[in-house]
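Coordinate inspection notes
For reference, the chains in residue letters:
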Amino acid sequence: MNYHLGAKLDISSVSDLRRQWIDALIHQNTIVFDGGDVVKVDAAGIQLLAAFARSLREADKEISWREQSVTLQEGLTQLGFHELLMVSKGTEEGSHDANIGGG
């Protein structure tokens, strides 16, 4: 399932994203995030993303990235989640090789 993160991954979007992602956790085996348009992040958005990634790994599912914006990468790095999510700064458009799921 593909999820476009939109322009904001922040407290204003957490509630809606959480509902969507809980459904995905139950019904999907692979999640592909497109974070290329993210221009605003905050701790709540990053923590939700990290918690979801952890839940997917625990359920033997996987996440891959289509694209990540510089803002998203910086937010993940600043909050200490860069390695947890394995966001590759060199991901090419359309690439799914920044895999953060179970192995």
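Report follows, based on the coordinates. (Residues numbered from 1 in each chain as written. Predicted model: local features only at pLDDT ≥ 70, side-chain atom pairs only at ≥ 80, totals over all residues. Heavy atoms only, no water.)

Considerations on the pairing of strand S3 (residues 30-35)
Where burial is concerned, most of S3 is hidden: five out of the six residues are buried. Where strand S1 (residues 2-4) and S3 come together, three bridges link them in parallel fashion. Within S3, the position partnered with Asn 2 by the bridge is Val 32. Note that S3 and strand S5 (residues 62-68) share six bridges and pair parallel. Bridged to Asp 34 within S5 is Glu 67. (Buried < 20%, exposed > 50% of the residue type's maximum accessible area, 1.4 Å probe, protein only. Helix = DSSP H or I, 4+ residues; strand = E, 2+ residues; numbered from the N terminus. Pairing = 2+ DSSP bridges.)

Considerations on unusual backbone geometry
A positive phi angle, near 55°, is found at Asp 60, a position not held by glycine. Turning to its location among the elements, Asp 60 is positioned in the loop between helix H2 (43-58) and S5. A relative accessible area of 70% means that Asp 60 is categorised as exposed.

Quick look at the environment of Asn 29
Tracing the backbone shows Asn 29 in the loop between helix H1 (11-27) and S3. For Asn 29, a relative accessible area of 59% translates into the label exposed. Beyond its immediate stretch of four places on either side in the chain, Asn 29 contacts Lys 61 and Glu 62. (Contact = heavy atoms within 4.5 Å.)

Side note on H1
Side chains that are three or four residues apart share a direction in an α-helix, a result of its 3.6 residues per turn. Look at H1: 25 Å from first C-alpha to last across 17 residues, which is about the 24 Å you get at 1.5 Å a residue. At Leu 17, H1 is deflected by roughly 30°, the largest bend along its length. Each element contacted by the buried residues of H1 is listed here: S1, strand S2 (8-9), S3 and H2. (Expected span 1.5 Å × (residues − 1). Bend = angle between axes of the 7 residues up to and from the residue.)

Describing the packing of aromatic side chains
Taken as a whole, this structure holds five aromatic pairs when the rule is applied. With a centroid separation of 5.0 Å and 20° between ring planes, the pair formed by Trp 21 and Phe 52 is classed as stacked. Of this pair, Trp 21 sits in helix H1 while Phe 52 sits in helix H2, and the two are 31 residues apart along the sequence. For Phe 52, a relative accessible area of 5% puts it in the buried group. Relative to Phe 52, the ring of Phe 33 lies with its centre 6.1 Å away and its plane at 75°, an arrangement referred to as edge-to-face. With Phe 33 in strand S3 and Phe 52 in helix H2, this residue pair connects regions lying 19 residues apart in the sequence. Accessibility classification places Phe 33 together with Phe 52 in one group, the buried group. (Phe/Tyr/Trp six-rings, centres within 6.5 Å; stacked < 30°, edge-to-face > 60°.)

Quick word on H2
With 16 residues, H2 should cover 22 Å at 1.5 Å per step; its first-to-last C-alpha distance of 22 Å lies within 8% of that length. All of the buried residues in H2 are Gly 45, Ile 46, Leu 48, Leu 49, Ala 50, Phe 52, Ala 53 and Leu 56. Two or three places before Ala 44, at the start of H2, stands the capping residue Asp 42, its side-chain oxygen 3.2 Å from that residue's backbone nitrogen. Looking one or two residues past H2, Asp 60 carries a phi angle of roughly 55°, positive in sign. (Polar contact = N/O pair within 3.5 Å; in protein donor to acceptor, adjacent residues only side chain to side chain.)

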